[in-house]
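The lines below spell out each chain.
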Amino acid sequence: MLPYAAYLRVYEPLTAFAPQDQARWARYAESRDRPRRAGALEVEHGEAVRRLLSVPPLPAPERESPNAYLRRVEETLYVCPWQSRLRSWLAFASFRGSVPVKLASRFVPQAIAEQTADDFDRFKRGEQSLRTHIRTGAWHVPISWFVPFDSAERWLVLGSEQPAEPGAQTTAAPPRNMLYVTSMAQARRRVARALVVIRRHVGQVAALTEVEEVGRWLEEFHPHSLVELDYGGLVHLMDDRTLQGDQSVAEVATALAGLDNGQEELAFAMYQRVILRWRSIRALESAN
């Protein structure tokens, strides 16, 4: 729910959900009042901002979001629930675990923080899984997220060529958007192949752990799902030329192929190109 963030999403077929949820999502798909894709990120971000600017701030919504991203392929409806409450709980738990208590209390009063943690604990006692359909990368796309996709699966729509100043309020995706979409079977196959290459030629490195994590996450979903990489608000930090020239998926694939074929210099050059591109974009987080 950040203004400059990318998203990795899984859309499960309607039949993957429990019967009561199937009926609910089928009704939702026919609703005229649901957020359309063109404004969905803006709605998500707006909800989060209103919670954080309220007095006192609310780290998580009181109820789970009724919304979802939808895709239709022929007659099949695919659903990616927002899960705003669960994602907020997980993000807040991570925040509390990484920030000293005195500093955290400057953002959220301790009483509110403890109540939020208690609510999450009660929720966890009644749930077998904390699986979320959406992962968020603030100010960058994690390199491991490029592995499940092929360069031919890119969908790019260009708008204004001028990148936004960091801090500007620009969260809507269309008409400016960058997406990759693939089948779950293809995504899992590419991740598995990448893991074999990394283990064989590089060994235990951080990149291996990150790709393994993506692979484990994908295994939690229906095998006929769709996987989507959405550059989200990051497209507003990149001009048209930068977006057109962004071949991160192809470069990661070439790096892996180079490793497997004994072309270490090519592999290193491609990997460095991706690293440097996203390092420069991530640096905008601290820009004035």
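Small disclaimer: the values here were computed from a predicted structure and weren't measured.

Scoring rules and cut-offs
Residues numbered from 1 in each chain as written. Predicted model: local features only at pLDDT ≥ 70, side-chain atom pairs only at ≥ 80, totals over all residues. Heavy atoms only, no water. Helix = DSSP H or I, 4+ residues; strand = E, 2+ residues; numbered from the N terminus. Rg over C-alpha atoms; globule rule 2.2 N^0.38 Å. Buried < 20%, exposed > 50% of the residue type's maximum accessible area, 1.4 Å probe, protein only. Contact = heavy atoms within 4.5 Å. Axes fitted to C-alpha atoms, helices over the stretch in contact; angles between N-to-C directions. Parallel < 35°, antiparallel > 145°, perpendicular 65-115°, else oblique. Left-handed = near helix turned anticlockwise from the far one by under 90°. Nonpolar A, V, L, I, M, F, W, Y, C, P; charged D, E, K, R; others polar. Salt bridge = Lys/Arg side-chain N within 4 Å of Asp/Glu carboxyl O.

Visitor: Outline the overall build of the protein chain, supporting the account with residue identities and numerical values.
Guide: Along the backbone of the protein chain there are 10 helices and seven strands. Against the 2.2 N^0.38 benchmark of 19 Å for 288 residues, the protein chain shows a C-alpha radius of gyration of 20 Å, consistent with a compact globule. Expressed along its principal axes, the backbone C-alpha trace of the protein chain runs to roughly 55 × 50 × 40 Å. Taking all 288 residues of the protein chain together, the buried fraction comes to 44%. Sequence-distant contacts in the protein chain: of pairs separated by 6 or more residues, those separated by 24 or more amount to 80%.

Visitor: Which residues make up the packing of helix H3 (residues 84-98) against helix H5 (residues 110-125), and what values go with them?
Guide: The geometry of H3 relative to H5 is characterised by a closest axis approach of 10 Å and an angle of 125° between their N-to-C directions. Classed by the angle they form, the pair H3 and H5 counts as oblique. Classified by chirality, the crossing of H5 by H3 is left-handed. Between H3 and H5, the contacting residues are Leu86, Trp89, Leu90, Phe92, Ala93 and Arg96 on the first element and Ala113, Glu114, Thr116, Ala117, Asp119, Phe120 and Phe123 on the second. Looking at side-chain class alone, the contact of H3 with H5 contains nine nonpolar, one polar and three charged residues.

Visitor: Which residues make up the pattern of salt bridges, and what values do they have?
Guide: As enumerated under the stated definition, the model contains 18 salt bridges in all. Across the pair Glu12 and Arg131 runs a salt bridge, and its minimum N-O distance is 3.3 Å. Of this pair, Glu12 sits in strand S1 (residues 5-13) while Arg131 sits in the loop between H5 and strand S4 (134-138), and the two are 119 residues apart along the sequence. Two residues, Arg87 and Glu44, come together in a salt bridge whose shortest N-O distance is 2.9 Å. Here Glu44 lies in helix H2 (residues 37-53) and Arg87 lies in helix H3, a separation of 43 residues in the sequence. Counted as one network, the salt bridges with shared partners bring together Arg9, Arg71, Glu228 and Asp230.

Visitor: Break down the side chain of His133 for me, citing the residues and quoting the values.
Guide: Positionally, His133 belongs in the loop between H5 and S4. When neighbours within four sequence positions are excluded, His133 is seen to be in contact with Leu8, Arg9, Val10, Glu12, Phe17, Val79, Cys80, Pro81, Gln83, Trp217 and Phe221.

Visitor: How would you summarise the side chain of Thr132 if you had to cite specific residues and measurements?
Guide: Looking at where Thr132 falls in the secondary structure, it is placed in the loop between H5 and S4. Apart from the residues within four sequence positions on either side, Thr132 is in contact with Gln83, Leu86, Arg87, Leu90, Trp217 and Phe221.

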